[in-house]
Amino acid sequence: MRVALYAESSADEAALGIISEAVLGVAIEPVGHAGLRHRGWPAVRTALRSILLELHYHTDAEGFVFIVDSNGSTPHLPAHNLADAHDPTCRLCELRQIALAVQRQVRPRPHLPPLKIALGTAVPAIEAWLLCGMNHQVSEATWLNGIRQGQIPYSRPDLKNQLYGTTRPSLAVETEVMTQRASHLAANLQNLRAQFPNGFGALHADLMNWK
Ligand SMILES: [Zn+2]
């Protein structure tokens, strides 16, 4: 399946591709795109519209998978999924609004169905997903409880340290470890959904709708 992937680094994208293939049950043939040269929020928010238009009109991509790290922003919650209940301080909700506006605006593609879109958010970063099965304390529930009590339970450097043994891994190390962990998770998606029901759950639900 021809799919464009977007995450905050090429290592993140490699992991995202493996996990998406596992959910879809088909091999992904990645489609390149020029629309998002700048990584990180809010640059990706601003650029999402142009990449969707590029993919829709100028590529043969059938789908687009996009994840963003929540970092310190409002985590996505099930209540946001209710009609007109999107939270403008939640990154996933913002991305959904942008994608919806583009989908409503584009002309049909002559030889292809509309671009399928799957959006997710990792709380607080994709390293948390990849630690699933290694550290049971890393989960959306732990994160939300921490926020309620006024203290974040772990930082992104903490997660990197656990995953790579260093807070500053090279891109090669990052890619190797992320690919390994993603392959492990691909065989255990239920666990990932249980630990990250909102941010990964959203991505999973979108991908299941593609079938
Ligand atoms: Zn939300």
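Residues numbered from 1 in each chain as written. Predicted model: local features only at pLDDT ≥ 70, side-chain atom pairs only at ≥ 80, totals over all residues. Heavy atoms only, no water.

Asker: An account of the coordination of the zinc ion is needed here, citing residue identities and associated values.
Answerer: Looking at the metal site, the zinc ion is ligated by H76 (ND1), H80 (ND1), C90 (SG) and C93 (SG), spaced 2.1 to 2.3 Å from it. Site description for the zinc ion: donor spacing in sequence, H-x3-H-x9-C-x2-C. With H80 in the loop between β3 (63-69) and α3 (91-105) and C93 in helix α3, this pair connects stretches of sequence that are 13 residues apart. By relative accessible area, H80 is classed as buried at 9%. (Donors = N, O, S within 2.8 Å, 3.2 Å for Na, K, Ca; no water. Helix = DSSP H or I, 4+ residues; strand = E, 2+ residues; numbered from the N terminus. Buried < 20%, exposed > 50% of the residue type's maximum accessible area, 1.4 Å probe, protein only.)

Asker: Describe the layout of surface pockets, with residues and values.
Answerer: It is a probe the size of a water molecule, rolled over the atoms, that shows where empty space is left. Size it by volume and the largest pocket reaches roughly 260 Å³. Lining the largest pocket we find 16 residues, and of these H86, C93, R96, Q97 and L100 sit closest to its centre. In terms of residue class, the lining of the largest pocket is made up of 8 nonpolar, 5 polar and 3 charged. (1 Å grid on protein atoms, 1.4 Å probe; cavity = no way out; pocket = protein on both sides within 12 Å on 5 of 7 lines; lining within 4 Å. Points joined across faces, edges and corners; volume = space filled by probe spheres on them. Nonpolar A, V, L, I, M, F, W, Y, C, P; charged D, E, K, R; others polar.)

Asker: Describe the packing of helix α6 (residues 156-164) against helix α7 (residues 171-186), naming the residues involved and giving the relevant values.
Answerer: Between α6 and α7, the least distance of the axes is 11 Å, while the angle of their chain directions is 80 degrees. When the axis of α6 is compared with that of α7, the two are roughly perpendicular. The residues of α7 that touch α6, namely those facing K160, L163 and Y164, are V173, E174, V177, M178 and R181. Its residues assigned to classes, the contact of α6 with α7 comprises 5 nonpolar, no polar and 3 charged. (Axes fitted to C-alpha atoms, helices over the stretch in contact; angles between N-to-C directions. Parallel < 35°, antiparallel > 145°, perpendicular 65-115°, else oblique. Contact = heavy atoms within 4.5 Å.)

Asker: Report on the sheet that holds strand β2 (residues 29-30), specifying residues and quantitative values.
Answerer: Read from one edge of the open sheet, 4 strands run β2-β1-β3-β4, paired in parallel fashion. Whereas interior strands pair on both sides, the edge strands pair on one side only; in this sheet they are β2 and β4 (116-122). Alignment of strand β1 (residues 2-6) against β3, held across 4 bridges, turns out to be parallel. Opposite Y6, over in β3, you have F66 as the bridge partner. (Pairing = 2+ DSSP bridges.)

Purely geometric numbers; function is a separate question.
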